[in-house]
Amino acid sequence: MMNNRSRYALPSKHSPSFYTHLIILGFFAGIAILEILPALAEPAGLSGAVVSALWAVIPVVFTLVLVWIIDYWEPETISLYIFAFLWGGGVSILLGGSINDFASTRLLPQLISEDDLVYNISRYTASWVAPISEEIVKGMGIIMIFVLFRRYFNGPIDGIVYGALIGAGFGFTENILYFVRDYEFLSEVFTVRFLDGPLSHDTYSALFGFFIGFAEYSRRKLAVVWWMIPALLTSALFHFINNDAVYWEGMTYTKYKILVNVPLTIVALCCVIFARIYEKRIVVSGLEGYVRAGLVARHEVVMIERVKNRRQALVWAEYQSRKLGASPGIGTEAMRRFQEILINLGHETTGITRRRQWRDADEQEYIKSLLGEIERLRKIFTSR
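Residues numbered from 1 in each chain as written. Predicted model: local features only at pLDDT ≥ 70, side-chain atom pairs only at ≥ 80, totals over all residues. Heavy atoms only, no water.

## Some thoughts on the packing of helix α11 (residues 298-305) against helix α13 (residues 330-355)
- Where α11 meets α13, the axes come as close as 10 Å, and the angle between the chain directions of the two elements is 95 degrees. The angle between α11 and α13 falls in the class roughly perpendicular. Note on element contacts: α13 touches α11 through Met335, Phe338, Gln339, Leu342 and Ile343, opposite Glu300, Met303 and Ile304.
- For the contact of α11 with α13, the class distribution of residues is six nonpolar, one polar and one charged. (Axes fitted to C-alpha atoms, helices over the stretch in contact; angles between N-to-C directions. Helix = DSSP H or I, 4+ residues; strand = E, 2+ residues; numbered from the N terminus. Parallel < 35°, antiparallel > 145°, perpendicular 65-115°, else oblique. Contact = heavy atoms within 4.5 Å. Nonpolar A, V, L, I, M, F, W, Y, C, P; charged D, E, K, R; others polar.)

Structure follows, in structure tokens:
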């Protein structure tokens, strides 16, 4: 009886350090949100804040659908998705707003002459300070996930996803602030903030994360520092265009909408397509050595390459595990974990190979643990 229970026991998905880091960071994100709440409720009252929040949810749903489409091949743990959103909607808003306020009230008045002072401060804060400060504080969340949850940051696709969620959180809180300040013109502000420009903070941060994702496969330990340069330049550039183009000579609102939306959409789409192709190649090449060694079957690699194949494998694993005596649902969950770990093994192996860390004892132990989990999970739905 004990052997049967042991056979169908699923391995733990996360280590204790994962939960420790998540709880600590989540605590700070929660504190930041509490600090922001008075600013959300004061201008239009609590009822106005609630209505504004409901309107602000609509762009979030739009981003979540895009994230689901982008990340369907290798979805990450929901808890990190939630943390990314909270970081953007809490910490990033608080830090970004503080920096912008400091620049507009103390720094810029010292640098700009008194002629047209208010106009210049408003423009320079929005066009020069905000794109840099806000992309840095949002990017801090991406960097934090990369450093503290490295096992869950597998290349540019994950960077895009985490960045988009951080940006969605930022945009959610910022939209509420705009809505409550101009509550009597709520529908008009919503049109400008979302319908006329659906890709904004979430896309800027996604581009930041896209570049950070490549640090995973770099040979240099401080590669993430160097990848921050193109990450910040790209995200801040599109943010600058969005905030400053309205001031450009001869600019009409129609031209403005085209300028801030079309190039950004094209660049973002190209990044997603490239990252998806790149990620699949990384995983398959990383698993090739295990196929030759007989540790992973060729059909298992073929299985994870397409979502259709993986769905069929879930049904097959459930049927097979039931025949072997497992409880309902065990086979499906075991195959889902099996697929996730197999993809992770491909990522990790390629990363270790490129970083030349095969002599690292921790890396060897981690790869060994992944292979052990694969073998244990395989026994749930096969007699092997």
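Once you've had a look at it, read on.
## Side note on the environment of tyrosine 253
- Counting through the fold element by element, tyrosine 253 comes out in helix α10 (residues 253-293).
- In this structure tyrosine 253 comes out as partly exposed when scored by relative accessible area, which is 37%.
- C-alpha of tyrosine 253 to C-alpha of leucine 269: the two residues are 16 residues apart in sequence and 24 Å apart in space.
- Apart from residues lying up to four places away in sequence, tyrosine 253 is in contact with Val192 and Asp196. (Buried < 20%, exposed > 50% of the residue type's maximum accessible area, 1.4 Å probe, protein only.)

## Here we look at the packing of helix α9 (residues 223-244) against α10
- Packing of α9 against α10 brings their axes to within 9 Å, and their N-to-C directions diverge by 165 degrees. Here α9 is positioned roughly antiparallel relative to α10, judged by the angle of their axes. Seen from above, α9 lies across α10 with left-handed handedness. Together, Phe238, Ile241 and Asn242 of α9 and Tyr256, Leu259, Val260, Pro263, Leu264 and Val267 of α10 make up the contact between the two elements. (Left-handed = near helix turned anticlockwise from the far one by under 90°.)

## So, helix α6 (residues 156-181)
- For α6, spanning 26 residues, the distance from its first C-alpha to its last is 37 Å, which sits close to the expected 38 Å at 1.5 Å a residue.
- Along α6, 24 of the 26 residues are buried, which leaves the element largely enclosed by surrounding structure. (Expected span 1.5 Å × (residues − 1).)

## Topic: the side chain of threonine 77
- Topologically, threonine 77 is positioned in the loop between α3 (45-70) and α4 (78-111).
- Here serine 79 takes part through its side chain, which lies 3.2 Å from a polar atom of the side chain of threonine 77.
- When near neighbours in sequence (up to four residues on either side) are disregarded, threonine 77 contacts His14, Phe18 and Tyr152. (Polar contact = N/O pair within 3.5 Å; in protein donor to acceptor, adjacent residues only side chain to side chain.)

## Section: the packing of aromatic side chains
- In this structure the tally under the stated criterion is 24 aromatic pairs.
- Between the aromatic rings of tryptophan 55 and phenylalanine 190, the centroid separation amounts to 5.0 Å while the plane-to-plane angle is 80 degrees, which identifies the pairing as edge-to-face. Linking tryptophan 55 in helix α3 with phenylalanine 190 in helix α7 (residues 186-195), this pair joins segments that are 135 residues apart in sequence.
- Note on phenylalanine 190: relative accessible area 7%, which makes it buried. (Phe/Tyr/Trp six-rings, centres within 6.5 Å; stacked < 30°, edge-to-face > 60°.)

## Details of the pattern of salt bridges
- In total, this model carries 13 salt bridges according to the counting rule given.
- With its nearest N and O atoms 2.8 Å apart, the salt bridge here joins arginine 123 to aspartate 244. One end of the pair, arginine 123, is in helix α5 (residues 117-148); the other, aspartate 244, is in helix α9, with 121 residues separating them in the sequence.
- Classification of aspartate 244 as buried rests on a relative accessible area of 3%.
- Residues arginine 337 and glutamate 333 are paired through a salt bridge, measuring 3.3 Å at the closest nitrogen-oxygen approach. On the criterion of helical spacing, the pair formed by arginine 337 and glutamate 333 is a turn pair, its members being four residues apart in helix α13.
- Take arginine 337: its relative accessible area is 12%, and that puts it in the buried class. (Salt bridge = Lys/Arg side-chain N within 4 Å of Asp/Glu carboxyl O.)

## Considering the side chain of asparagine 261
- By secondary structure assignment, the location of asparagine 261 is in helix α10.
- What makes asparagine 261 buried here is its relative accessible area of 14%.
- Among the polar contacts listed, one links the side chain of asparagine 261 to the backbone oxygen of lysine 257, at a separation of 2.7 Å.

## Some words on the environment of serine 200
- Residue position: serine 200 is located in the loop between α7 and α8 (201-213).
- Classification of serine 200 by relative accessible area gives partly exposed; the value is 22%.
- In the structure, serine 200 is positioned 45 residues away from alanine 245 in sequence and 14 Å away in space, judged by C-alpha atoms.

## Quick look at the UniProt feature "transmembrane region" (unreviewed entry) in the chain
- Per the UniProt record, the feature "transmembrane region" (unreviewed entry) sits at residues 21-41, 53-73, 80-99, 136-153, 160-179, 199-217, 224-242 and 258-278.
- Counting secondary structure, residues 199-217 comes out at 68% helix and 0% strand; the distance between its end C-alpha atoms is 28 Å.
- In this annotation, residues 224-242 is assigned 100% helix and 0% strand; the end-to-end C-alpha distance for the span is 27 Å. (UniProt positions renumbered as here; feature names shortened; annotations may be inferred.)

## Focus: α11
- Of all the residues in α11, the buried ones are Glu300, Val301, Met303 and Ile304. In an axial view of α11, the angular spread of the buried residues amounts to 155 degrees, which keeps them on one side of the axis.
- Where α11 is buried, its residues contact α10, α12 (307-323), α13 and α14 (361-381). (Arc of directions from axis to C-beta.)

## Comments concerning empty space enclosed by the protein
- Under the counting rule described, the total for this entry stands at two cavities of 30 Å³ or more.
- By volume, the largest cavity amounts to about 150 Å³.
- Along the walls of the largest cavity sit 17 residues, with Pro59, Gly171, Asn175, Ser200 and Asp202 positioned nearest its centre.
- Contributing elements (two or more residues each) for the lining of the largest cavity: α3, α6, α7 and α8.
- Examining the composition of the lining of the largest cavity, we find that six residues originate from one element, α6, more than from any other.
- Residues of the lining of the largest cavity, tallied by class, amount to seven nonpolar, seven polar and three charged.
- Considered as a void within the structure, the second largest cavity measures approximately 40 Å³ in volume.
- Around the second largest cavity, the lining residues are Tyr204, Phe238, Ile241, Asn242, Leu259, Val260 and Leu264.
- When residues of the lining of the second largest cavity are traced back to their parent elements, those giving at least two are α9 and α10.
- Looking at the lining of the second largest cavity, its residues break down into six nonpolar, one polar and no charged. (1 Å grid on protein atoms, 1.4 Å probe; cavity = no way out; pocket = protein on both sides within 12 Å on 5 of 7 lines; lining within 4 Å. Points joined across faces, edges and corners; volume = space filled by probe spheres on them.)

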